[in-house]
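Structural characterization, general
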Amino acid sequence: PYYDGTDDYVNLTSYATAFAALTQGTIECWVQRESGKDATLFWMADHDQKDRFGGLMIGGSNSLLRWYIRDASLTIADELDSVPTISADTPHLVAIAVDSTGTLMCVDGESVSYTGTDNKRFFSSLTGQDVCYHGVAEGFTLGTLIGWTKGYLPLLRVYNIKLPLGVLRDHWEREQHYFGV
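Residues numbered from 1 in each chain as written. Predicted model: local features only at pLDDT ≥ 70, side-chain atom pairs only at ≥ 80, totals over all residues. Heavy atoms only, no water.

Description of the side chain of Asp-99
Test applied: Runs of H or I in DSSP of at least four residues are treated as helices and runs of E of at least two as strands, each being numbered from the N terminus. Burial classification: accessible surface area is computed with a 1.4 Å probe over protein chains only, and a residue below 20% of its type maximum counts as buried, one above 50% as exposed, and the rest as partly exposed. N or O atoms closer than or at 3.5 Å make up a polar contact, with two conditions inside protein: a donor-capable atom paired with an acceptor-capable one, and, for residues adjacent in sequence, both atoms drawn from side chains. When checking whether two residues touch, look at their non-hydrogen atoms; a contact exists if any pair is within 4.5 Å.
For Asp-99, the position within the fold is in strand β8 (residues 92–99). For Asp-99, a relative accessible area of 14% gives the class buried. In terms of polar contacts, Asp-99 uses its side chain to reach the side chain of Thr-101, at 2.5 Å. Setting aside chain neighbours within four positions, we find Asp-99 in contact with Gln-24, Lys-120 and Lys-162.

This is the structure we're talking about:
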């Protein structure tokens, strides 16, 4: 579906408890965002504590794939940015896969390098997650939604394991024709 950047998102809050228990996992999403616009692919947060959140997004100003796990109780947060930029107006399959052995960031079936602090954390590292969204994030002001996606988000998958690169590459190869690549 097309997200117009103003009021389109999917509320996944009823699944927040299940996602919050994941010590490892993979988030995989097809995305085609408009130039200069954010794409919030998956976001979890503690509605009452804005410094507790995790998610996967593409920044509109810098076009980097970003992975966050930030909790006020953690002395070091995970904040990873892809080294390559994610081009706008083109369909991409992006993924983050995390377990205790490390983090895999993937774009279009290929592993990409990233910068930042990688503590190999997934959603179970957060406390109090009670909201979850696809297409938007919750801001630091209580009840404010930010990071509205403008573009297409046709498919989101969340797995309870870290998928290997070969599986992510297979998804890219099998599905790209569905999304006009």
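A closer look at the pattern of salt bridges
Formally: Salt bridges, as used here, are contacts in which a Lys or Arg side-chain nitrogen is within 4 Å of a carboxyl oxygen on Asp or Glu.
Counted under the stated rule, the structure contains nine salt bridges. Here Arg-66 makes a salt bridge to Asp-81, at a shortest N to O gap of 2.5 Å. One end of the pair, Arg-66, is in strand β6 (residues 65–70); the other, Asp-81, is in strand β7 (residues 78–82), with 15 residues separating them in the sequence. Residue class for Asp-81 comes out buried when judged on its relative accessible area of 16%. Two residues, Arg-157 and Glu-175, come together in a salt bridge whose shortest N-O distance is 2.2 Å. Taken as a pair, Arg-157 in strand β15 (residues 150–159) and Glu-175 in helix α2 (residues 165–175) lie far apart in primary sequence, 18 residues in all. Given the relative accessible area of 19%, Arg-157 is considered buried. Under the relative-accessibility criterion, Glu-175 is labelled buried at 7%.

As for the nonpolar core
Rules: To form a nonpolar core, buried Ala, Val, Leu, Ile, Met, Phe, Trp, Tyr and Cys residues must be joined to one another through side-chain atoms within 4.5 Å.
Ranked by size, the top nonpolar core spans 31 residues in total, and within it Ile-27, Leu-41, Phe-42, Met-44, Leu-65, Trp-67 and Phe-123 carry the most contacts. Breaking this core down by element, the ones donating at least two residues are α1 (16–20), β3 (25–33), β4 (39–46), β5 (49–58), β6, β8 and β9 (102–107). When residues in this core are grouped by element, the largest group, four residues, is from β4. In terms of nonpolar packing, the next biggest core, distinct from the first, is built from nine residues, Trp-43, Met-57, Tyr-68 and Tyr-133 among them.

The values reported here are purely geometric and, on their own, carry no functional implication.
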